[in-house]
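Here is what each chain is made of, one letter per residue.
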Amino acid sequence: MTRLKFYWVVSAAVGLAGTTPAQAQSTVENESVSRFTLSANAAIVSDYRFRGISLSDRDPAIQGGVDLGMDNGLFLGSWASSVADTGGSNVEVDLYGGYAGSAAGFDYTVTALGYFYPGGSGVNYYEVSAGVEKGVGLATLGVEIAYVPDQKNYPGDNVYVSGTAAVAIPETPFSATARVGRETSDFIKKWDWEAGIAYAFGKFTTSLSYVDSDYGGVGEAGRLGRSGLVASVAVDF
């Protein structure tokens, strides 16, 4: 299980290339059955975009995370990124846990996720999400819904629904990806979308994506929600 907000194009490319989220793993075995797997990841991105909106003021960001997956489907993880000033903090730290499984040919995930901004004031919040994906030929198709309930630092409910597609390019280390999402709450209604290509080699994955939203106007996200190219280099441990 990779960090939910870890740049999606990179995550999809790693999966399509046939690698696991961890190239080097710490595993406890019992009669040849893995009890848990510990993995880590790190990345540099030219712009940290979350659901179409730049959280790094369109500047580069350094990111990384650690994941613990168990053979019973439970997982725990943490992930962090540099961000533009957020309530007085310049770091986002995410802690999450959930359950992943398969049924009727579909893979599914249910997750609880907390967003924390060390040193910030009035900005921490949490959300719950559920996702389903299925391989169809060379493609992997997925749908996810995330829900932020009304809470102290997040007035009103927020719902985000997204659809994703990742396609492996046969006999190459390249993959193409696309995503579209719709966010709705009492104070925001927007669409966002992205499309890109990624190249996986060994433990590394590079990607280049076009990201955009319809929330770049005055009184909205402004330039932080307008179109841009996002490049990334990621490595799995």
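Since we're looking at a predicted model, the values are computed, not measured.

1. Considerations on the overall build of the protein
Line of reasoning, step 1. Along its length, the protein carries one helix and 15 strands.
Line of reasoning, step 2. Each of the 237 residues in the protein was classed as buried or not, and the buried ones make up 40%.
Line of reasoning, step 3. For the protein, the exposed area adds up to about 11500 Å²; of that, 62% sits on carbon and sulfur atoms.

2. Comments concerning the nonpolar core
Line of reasoning, step 1. Of all hydrophobic cores here, the largest spans 15 residues; its most connected members are Tyr48, Phe50, Tyr96, Tyr115, Tyr117 and Tyr125.
Line of reasoning, step 2. Only strand S6 (74-86) and strand S8 (106-116) provide two or more residues apiece to this core.
Line of reasoning, step 3. When sequence neighbours within four positions are dropped, the list of residues in contact with Tyr117 reads Thr86, Ser89, Val91, Glu92, Val123, Asn124 and Tyr125.

3. What to know about the pattern of salt bridges
Line of reasoning, step 1. Applying the stated criterion across every chain yields a total of seven salt bridges.
Line of reasoning, step 2. Between Arg49 and Asp47 there is a salt bridge, with the nearest N and O atoms lying 2.8 Å from each other. Both residues of the pair, Arg49 and Asp47, count as buried.
Line of reasoning, step 3. Here Glu194 makes a salt bridge to Arg179, at a shortest N to O gap of 3.0 Å. Pair noted here: Glu194 is in strand S13 (residues 189-201) and Arg179 is in strand S12 (residues 174-185), with a separation of 15 residues, a long-range link. Arg179 shares its class with Glu194; the two are buried.
Line of reasoning, step 4. Linked by salt bridges that have partners in common, Arg179, Glu183, Lys190, Asp192 and Glu194 make up one network.

4. What to know about the packing of aromatic side chains
Line of reasoning, step 1. In the structure shown here, the tally under the stated rule is nine aromatic pairs.
Line of reasoning, step 2. Between Phe201 and Phe204 the ring centres are 5.7 Å apart and the planes differ by 15°, which places this aromatic pair in the stacked class.
Line of reasoning, step 3. Looking at Phe201, the relative accessible area reads 37%, which means it is partly exposed.
Line of reasoning, step 4. Feature note: the residues Phe50, Tyr115, Tyr125, Tyr154 and Phe187 constitute an aromatic cluster, connected by ring pairs.
Line of reasoning, step 5. When the ring centre of Tyr160 is taken as reference, the NZ or CZ atom of Arg51 above it lies at 4.6 Å.

5. A word on the pairing of strand S11 (residues 158-168)
Line of reasoning, step 1. Burial along S11 is one-sided: Asn158, Tyr160, Ser162, Thr164, Ala166 and Ala168 are buried, and none of Val159, Val161, Gly163, Ala165 and Val167, which face the opposite way, are.
Line of reasoning, step 2. Two elements, strand S10 (residues 139-148) and S11, share 10 bridges in a ladder whose sense is antiparallel. The partner of Glu144 across the bridge, within S11, is Ser162.
Line of reasoning, step 3. The turn joining S11 and S12, which pair antiparallel and follow one another in sequence, is formed by five residues; a positive phi near 60° is taken by Glu171.

6. Examining the pairing of S12
Line of reasoning, step 1. Side-chain alternation along S12 places Ser175, Thr177, Arg179, Gly181, Glu183 and Ser185 on a buried face and Phe174, Ala176, Ala178, Val180, Arg182 and Thr184 on a face that remains uncovered.
Line of reasoning, step 2. Where S12 hands over to S13, the hairpin turn is made up of three residues, counted between the paired strands.

7. Quick notes on unusual backbone geometry
Line of reasoning, step 1. Not every positive phi belongs to a glycine, and Asp57 is a case in point at roughly 60°.
Line of reasoning, step 2. Along the chain, Asp57 turns up in the loop between strand S4 (53-54) and strand S5 (61-70).
Line of reasoning, step 3. Exposure remark for Asp57: the relative accessible area of 32% places this residue in the partly exposed category.
Line of reasoning, step 4. In this model, Arg58 sits at a positive phi of 65°, which is unusual for a non-glycine residue.

8. Details of the side chain of Gln63
Line of reasoning, step 1. Mapped onto the secondary structure, Gln63 falls in strand S5.
Line of reasoning, step 2. In terms of polar contacts, Gln63 uses its side chain to reach the side chain of Ser81, at 3.2 Å.
Line of reasoning, step 3. If we skip the residues at most four places from it in the chain, Gln63 touches Asn41, Ala42, Ala43, Val45, Tyr48, Trp79, Ala80 and Ser81.

9. Some remarks on the environment of Gly181
Line of reasoning, step 1. Turning to its location among the elements, Gly181 is positioned in strand S12.
Line of reasoning, step 2. Distance in space between the C-alpha atoms of Gly181 and Ile145 is 9.5 Å, their sequence separation being 36 residues.
Line of reasoning, step 3. Once residues lying within four places of it in the same chain are set aside, the contact partners of Gly181 are Tyr160, Val161, Ser162, Lys190, Trp191 and Asp192.

10. Observations concerning the confidence of the model for the protein
Line of reasoning, step 1. Summing up the model confidence of the protein, the mean pLDDT is 89 and the portion of residues at 70 or higher is 86%.
Line of reasoning, step 2. The secondary structure element of the protein with the lowest average pLDDT is strand S1 (residues 26-30), at 45, and the one with the highest is S4, at 98.
Line of reasoning, step 3. This stretch, residues 5-11, has a pLDDT under 50; its non-local contacts, to residues over four places away or in other chains, come to 34 contacts.
Line of reasoning, step 4. Overall, residues 17-32 carries pLDDT values under 50, and its contacts beyond four positions in sequence, including any with other chains, amount to 32 contacts.

The rules behind the values
- Residues numbered from 1 in each chain as written.
- Predicted model: local features only at pLDDT ≥ 70, side-chain atom pairs only at ≥ 80, totals over all residues.
- Heavy atoms only, no water.
- Helix = DSSP H or I, 4+ residues; strand = E, 2+ residues; numbered from the N terminus.
- Buried < 20%, exposed > 50% of the residue type's maximum accessible area, 1.4 Å probe, protein only.
- Areas by Shrake-Rupley, 256 points an atom, 1.4 Å probe, with all protein chains shown as cover.
- Core = buried A, V, L, I, M, F, W, Y, C linked by side-chain atoms within 4.5 Å.
- Contact = heavy atoms within 4.5 Å.
- Salt bridge = Lys/Arg side-chain N within 4 Å of Asp/Glu carboxyl O.
- Phe/Tyr/Trp six-rings, centres within 6.5 Å; stacked < 30°, edge-to-face > 60°.
- Lys NZ or Arg CZ within 6 Å of the ring centre and 35° of its normal.
- Pairing = 2+ DSSP bridges.
- Polar contact = N/O pair within 3.5 Å; in protein donor to acceptor, adjacent residues only side chain to side chain.
- pLDDT = per-residue confidence, 0-100.

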